[in-house]
Amino acid sequence: MNVRDSERLATVLASFGHEVVDSEDVADVYILNTCSVREQAEIKAVGKSRYLARKKLRKGDVLLGIVGCMAENLAENLFKLNPGIDFIVGPRCIGELPELLSNGNINRVALLGEAKADDITESVHNFSRRNVCASVSIMQGCNMKCSYCIVPKTRGRETYRSMEDIVAECEALVKNGTKEITLLGQIVNNYGQNTLANGNGKSPFVQLLERIDSIPGLGRIRYMSPHPKGFRRDLIAAHARLAKLCPSVHLPVQSGSDRILKAMRRPYTRARVLFIVEALRNCAPNISLTTDIIVGYPGEGEVDFQETVDLLSAVRFNMAFIFKYSPRVGTISATLPDDVSDDEKDRRNKVLLDIVQRCSIEHNETMVGNEVEVLVEGKAKRGENKLCGHTKYGDKVIFDGHDTLTGEFANVKITNYSTTVLCGELIGV
Ligand code: 5AD
Ligand code: SF4
């Protein structure tokens, strides 16, 4: 979501006559887009903002702005924390930044909270280049109240874009060469809840998926991040029915312990997660499943932790992002004692990472010798003549080929692997 926010901001600023440059050395405005979801993200962003403030002092005549969730979360305190900051803009006010920069005379300006007007940058993409894979934001905010999470404070309540606007944006992207679209939202499968009507037992999100699935020329659809509570029969069945919907789902379960899930105010149980996993696997064989887990939530005991270990072993997620719990001021759980020690959080983190790595390596091993279809995204970061892309299951694949293949679906035979990447040989397109 932050990558998408940075992209639309850069593109809209360019349309206001600004130019994106490669190096801070030649910039006259520094804009730092930030995340607040975990303490570590904020520590990093504060560190980087101090580095930029020192750079600004040496260069003179430069503006420094902090945008995104940390701006919203720390608000005017940021000016005290780092006196070099000239402006702060929360995630809902990003659309007001071009106007702010045109005003000149910026001295400790804060644009926070609800935006004054509709955000015109929401649908902006850089059409001067082809984006094989593009992200389309369909909603903002989150109405849930997970006890540990800062997002409802920084991004506000859910607002949904109109289906017409979203479909038009997807069509424009496809016309410009996009082959894969990822629908984005803080809780993407809640799209249109209580605002748009269900039709034939299908939620607004599933109706939207259907409309995008029928856009000619589009190859693949993904969505990020859904909530387990939104995996009802209609969405699960969509994975069997919609040809372009990738067999790959991120299912952030957070914990395998019902007691901890309840404390986190996550409205599902471990049994429900297992049911969703089985139903998805029945609809889309070999579907790839990934998850987010928090270790060391207040009161998480060894028994709770073992239930998470068991869940990861039982489901065999293709990938899991494991986070050590960090209290975020303003959340419900921040008032509870952070009573799992750092060492214990590290240990639990490592135990889960080992399971995930093992599952990942075992999966990659089974792929050797298989022929897979890869959407070629472009040159790989490393290696001469190496191309990079993903399968519909989300496996990253590297192989030799010319970058004229960018945007094509290539057939690749897998010959080798590491923990995170499959390597292969081009068979044809
Ligand atoms: N501490 C640790 N991890 C967190 N996440 C969200 N809030 C916290 C927190 N306070 C994790 C969740 C979420 C992911 C984006 O970040 O796992 O799914
Ligand atoms: Fe945060 Fe996701 Fe819970 Fe919303 S659903 S409060 S974004 S963890």
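Cut-offs applied
- Residues numbered from 1 in each chain as written.
- Chains lettered and ligands numbered in written order.
- Predicted model: local features only at pLDDT ≥ 70, side-chain atom pairs only at ≥ 80, totals over all residues.
- Heavy atoms only, no water.
- Pairing = 2+ DSSP bridges.
- Helix = DSSP H or I, 4+ residues; strand = E, 2+ residues; numbered from the N terminus.
- Axes fitted to C-alpha atoms, helices over the stretch in contact; angles between N-to-C directions.
- Contact = heavy atoms within 4.5 Å.
- Core = buried A, V, L, I, M, F, W, Y, C linked by side-chain atoms within 4.5 Å.
- Buried < 20%, exposed > 50% of the residue type's maximum accessible area, 1.4 Å probe, protein only.
- Expected span 1.5 Å × (residues − 1).
- Near = heavy atom within 4 Å.
- Nonpolar A, V, L, I, M, F, W, Y, C, P; charged D, E, K, R; others polar.
- Polar contact = N/O pair within 3.5 Å; in protein donor to acceptor, adjacent residues only side chain to side chain.
- Areas by Shrake-Rupley, 256 points an atom, 1.4 Å probe, with all protein chains shown as cover.
- Domains from an automatic or database assignment.
- Buried area = accessible area lost by both parts, 1.4 Å probe.
- Parallel < 35°, antiparallel > 145°, perpendicular 65-115°, else oblique.
- Left-handed = near helix turned anticlockwise from the far one by under 90°.
- Phe/Tyr/Trp six-rings, centres within 6.5 Å; stacked < 30°, edge-to-face > 60°.
- Arc of directions from axis to C-beta.

### Here we look at the sheet that holds strand β16 (residues 409–417)
Alright, step 1. What the 5 strands build is a closed barrel, ordered β13-β14-β15-β17-β16; its pairing is mixed. In this sheet, adjacent strand axes meet at a mean angle of 55° when their direction is disregarded.
Alright, step 2. Lying over the sheet, helix α13 (residues 342–367) contacts β13 (371–379), β16 and β17 (422–428), oriented at roughly 115° with respect to β16.

### Some points on the nonpolar core
Alright, step 1. Of all hydrophobic cores here, the largest spans 68 residues; its most connected members are Ile138, Leu183 and Tyr223.
Alright, step 2. For this core, the element with the highest residue contribution is helix α7 (residues 163–175), accounting for 6 residues.
Alright, step 3. Discounting chain neighbours no more than four positions away, the residues touching Leu183 are Val136, Ile138, Val188, Phe205, Leu208, Leu209, Ile212, Arg222, Tyr223 and Met224.
Alright, step 4. Leu52, Leu74, Leu78 and Ile85 belong to the second largest nonpolar core, which has 17 residues in total.

### Brief notes about helix α1 (residues 2–15)
Alright, step 1. Relative to the 20 Å expected for 14 residues at 1.5 Å per residue, α1 spans 20 Å between its end C-alpha atoms, a close match to the ideal helical length.
Alright, step 2. Taken as a whole, α1 has its buried residues at Arg4, Asp5, Glu7, Arg8, Leu9, Thr11, Val12 and Leu13.
Alright, step 3. A positive backbone phi angle near 95° is found at Gly17, which sits one or two residues after α1.

### Describing the site of ligand 2
Alright, step 1. Every residue close to ligand 2 is listed here: Cys142, Met144, Cys146, Tyr148, Cys149, Val151, Pro152, Gln186, His227 and Arg266.
Alright, step 2. Of the residues belonging to the shell around ligand 2, the class tally is 7 nonpolar, 2 polar and 1 charged.

### Regarding the site of ligand 1
Alright, step 1. Neighbouring residues of ligand 1: Val37, Arg38, Tyr148, Gln254, Asp292, Ile294, Phe323, Lys324, Tyr325, Ser326 and Arg328.
Alright, step 2. With respect to ligand 1, the side chain of Asp292 contributes an N or O atom lying 2.6 Å from an oxygen atom.
Alright, step 3. At a separation of 2.7 Å, a nitrogen atom of ligand 1 approaches a polar backbone atom of Ser326.
Alright, step 4. Look at ligand 1: alone it shows 410 Å² of surface, and the protein chains cover 87% of it.

### What to know about the domain arrangement of the protein
Alright, step 1. Domain assignment breaks the protein into domain 1 (2–111), domain 2 (133–366) and domain 3 (368–428).
Alright, step 2. Using only C-alpha atoms to locate each centre, domain 1 and domain 2 end up separated by 29 Å.
Alright, step 3. Counting from both sides, the interface comprises 14 residues of domain 1 and, opposite them, 15 residues of domain 2.
Alright, step 4. In total, domain 1 and domain 2 occlude about 1,300 Å² of area from one another, counting both sides; carbon and sulfur atoms represent 48% of this.

### Considering the packing of α7 against helix α8 (residues 204–213)
Alright, step 1. Closest axis-to-axis distance for the α7/α8 pair is 10 Å, and the angle between their directions is 30°. Regarding the angle of α7 to α8, the classification is roughly parallel. The crossing of α7 and α8 is right-handed. Across from Met163, Glu164, Ile166, Val167 and Cys170 in α7, the residues of α8 making contact are Pro204, Gln207, Leu208, Arg211 and Ile212.
Alright, step 2. Looking at the contact of α7 with α8, its residues break down into 7 nonpolar, 1 polar and 2 charged.

### A closer look at the environment of Gly95
Alright, step 1. Mapped onto the elements of the fold, Gly95 is located in the loop between β3 (87–89) and α5 (97–103).
Alright, step 2. The spatial distance from the C-alpha of Gly95 to the C-alpha of Ile120 is 6.1 Å, given a sequence separation of 25 residues.
Alright, step 3. Once residues within four sequence positions are removed from consideration, Gly95 is found in contact with Asp119 and Thr121.

### Notes on the sheet that holds strand β2 (residues 63–68)
Strand pairing in a sheet relies on backbone hydrogen bonds. The paired strands run either parallel or antiparallel.
Alright, step 1. Spatially, the 4 strands line up as an open sheet ordered β1-β2-β3-β4, and their pairing is parallel. Every other strand in the sheet has two partners, leaving β1 (29–34) and β4 (109–111) as the edge strands with one partner each. Between one strand axis and the next, the sheet turns through 15° on average, direction left out of account.
Alright, step 2. Contacts between α1 and the sheet are confined to β1 and β2, with β1 contributing the most and set at about 155° to the helix.

### Comments concerning the packing of aromatic side chains
Alright, step 1. Scanning the model with the defined rule gives 3 aromatic pairs in all.
Alright, step 2. Centroid distance Phe205 to Tyr223: 5.2 Å. Interplanar angle 80°. Geometry classified as edge-to-face. Of the two residues, Phe205 is situated in helix α8 and Tyr223 in strand β9 (residues 220–224); the sequence distance between them amounts to 18 residues.
Alright, step 3. Taking the relative accessible area as the measure of exposure, Phe205 reaches 1% and is therefore buried.
Alright, step 4. By relative accessible area, Tyr223 is classed as buried at 5%.
Alright, step 5. On the basis of an interplanar angle of 70° and a centroid distance of 5.3 Å, the ring pair of Tyr297 and Tyr325 is categorised as edge-to-face. With a gap of 28 residues between them, Tyr297 in the loop between β11 (288–295) and α12 (302–315) and Tyr325 in the loop between β12 (319–324) and α13 connect regions that are remote in the sequence.

### Focus on α7
Alright, step 1. Between the first and last C-alpha of α7 there are 18 Å, a value that for 13 residues agrees with the 18 Å anticipated at 1.5 Å per step.
Alright, step 2. Regarding α7, the residues found buried are Met163, Ile166, Val167, Glu169, Cys170, Leu173 and Val174. Buried positions in α7, seen along its axis, are confined to an arc of 160° and lie on one side of it. In α7, those exposed residues whose orientation departs by more than 90 degrees from the buried face are Glu164 and Lys175.
Alright, step 3. Tucked into the core, α7 has its buried residues touching α1, β5 (133–137), β8 (180–184) and α8.

### Regarding the packing of helix α11 (residues 270–283) against α12
Alright, step 1. At a minimum axis distance of 11 Å, the contact between α11 and α12 shows a crossing angle of 10°. Taken together, the axis directions place α11 and α12 in an arrangement best described as roughly parallel. In this structure, α11 uses Arg270, Val273, Leu274, Val277 and Arg281 to contact α12, whose residues at the interface are Glu307, Asp310, Leu311 and Val315.

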